[in-house]
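# Residue-level structure breakdown
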Amino acid sequence: MPLWTIHHTPDFFTAEDKRELASRITDHYEKAGLPRFYVVVIFNETRSGEMYVGGEQTDVALRVVIDHIARRAADKEHRNRIAHWVKAILSPYLDGRDNLHWEFHVDETSEDLWMINGLIPPPMGSDAEKRWVAENAVSAY
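The shown structure was predicted, so the numbers you read here are calculated from the model rather than taken from an experiment. (Residues numbered from 1 in each chain as written. Predicted model: local features only at pLDDT ≥ 70, side-chain atom pairs only at ≥ 80, totals over all residues. Heavy atoms only, no water.)

### Observations concerning the overall build of the protein chain
- A count of helices and strands for the protein chain gives three helices and six strands.
- For the protein chain, the sequential pattern of α-helices and β-strands runs β-α-β-β-β-β-α-β-α.
- Taking the principal axes of the C-alpha coordinates as reference, the protein chain spans close to 50 × 35 × 25 Å.
- Per-residue burial for the protein chain yields a buried fraction of 33% across its 141 residues.
- Sequence-distant contacts in the protein chain: of pairs separated by 6 or more residues, those separated by 24 or more amount to 73%.
- Carbon and sulfur atoms form 49% of the exposed surface of the protein chain, whose accessible area is close to 8,400 Å².
- Of the charged side chains in the protein chain, 16 are positive and 23 negative; the average position of the first set lies 5 Å away from that of the second. (Helix = DSSP H or I, 4+ residues; strand = E, 2+ residues; numbered from the N terminus. Buried < 20%, exposed > 50% of the residue type's maximum accessible area, 1.4 Å probe, protein only. Contact = heavy atoms within 4.5 Å. Areas by Shrake-Rupley, 256 points an atom, 1.4 Å probe, with all protein chains shown as cover. Lys, Arg positive; Asp, Glu negative; His and termini not counted. Charge placed at Lys NZ, Arg CZ, Asp CG, Glu CD.)

### Considering the pairing of strand S2 (residues 40-45)
- Strand direction decides the pairing type here: strand S1 (residues 2-8) and S2, joined by six bridges, are parallel. Directly across from Leu3, in S2, lies its bridge partner Val40.
- Regarding topology, helix H1 (residues 15-31) serves as the crossover connection from S1 to the parallel S2, and that connection is right-handed. (Pairing = 2+ DSSP bridges. Right-handed = clockwise from strand over helix to strand, strands pointing away.)

### Quick notes on the sheet that holds S2
- The strand order S2-S1-S5-S6 describes an open sheet built from four strands, whose pairing is mixed. For this open sheet the edge positions go to S2 and strand S6 (101-108), each flanked by a neighbour on one side alone. Here the average twist between neighbouring strands, direction ignored, is 10°.
- As judged from the eight bridges shared by strand S5 (residues 61-68) and S6, these two strands associate in the parallel manner. (Axes fitted to C-alpha atoms, helices over the stretch in contact; angles between N-to-C directions.)

### Section: the UniProt feature "domain: Tautomerase cis-CaaD-like" (unreviewed entry) in the protein chain
- Sequence positions flagged by UniProt for "domain: Tautomerase cis-CaaD-like" (unreviewed entry) are, in local numbering, residues 1-136.
- Annotated as residues 1-136, this span is 30% helix and 24% strand, and its ends, taken at the C-alpha atoms, are 13 Å apart. (UniProt positions renumbered as here; feature names shortened; annotations may be inferred.)

### Let's talk about the pattern of salt bridges
- Counted according to the given criterion, the structure contains eight salt bridges.
- Between Glu111 and Arg72 there is a salt bridge, and its shortest N-O distance comes to 2.6 Å. Taken together, the positions of Glu111 in the loop between S6 and helix H3 (127-135) and Arg72 in the loop between S5 and helix H2 (76-90) put the pair 39 residues apart, joining distant regions of the chain.
- When salt bridges that share partners are traced, they join Asp27, Glu30 and Arg36 into one network. (Salt bridge = Lys/Arg side-chain N within 4 Å of Asp/Glu carboxyl O.)

### Some points on the environment of Asn44
- Structurally, Asn44 is set in strand S2.
- Residues Asn44 and Arg63, spaced 19 residues apart in sequence, show a C-alpha to C-alpha distance of 9.7 Å.
- Ignoring any residue separated from it by four or fewer positions in sequence, one finds Asn44 in contact with Ile6, His7 and His8.
- Within the structure, Asn44 has its side chain in polar contact with the side chain of His7 (distance 2.9 Å). (Polar contact = N/O pair within 3.5 Å; in protein donor to acceptor, adjacent residues only side chain to side chain.)

Take a look at the structure:
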């Protein structure tokens, strides 16, 4: 499960921006073979005056925390591709913003500590996972 928690200052995203970004993120993971429902995107608007960088208040900022659970990067090259993909997917929302501070990081969490609707997700590439992808729903296997 990819979980994207997007912390941002007020008025950073429109409602349409959020829908579009969440869809683009989900499309990418679907192309990688994950069920769409694995992808969760949370937009967390931080009130004005409550985001600090280096001990100083910042008025325009974006901080993205990404948890990867369903898959792990195989090596440094793969991690580098992921980092560049994340940058590319965020870039349209960053251009033209004055005094913007932005950053992201990706954590890889053990899939052994993950359940959906009380079920341990099926193994990668298994028939059960393929059924979850096709049905875009959790089901017993």
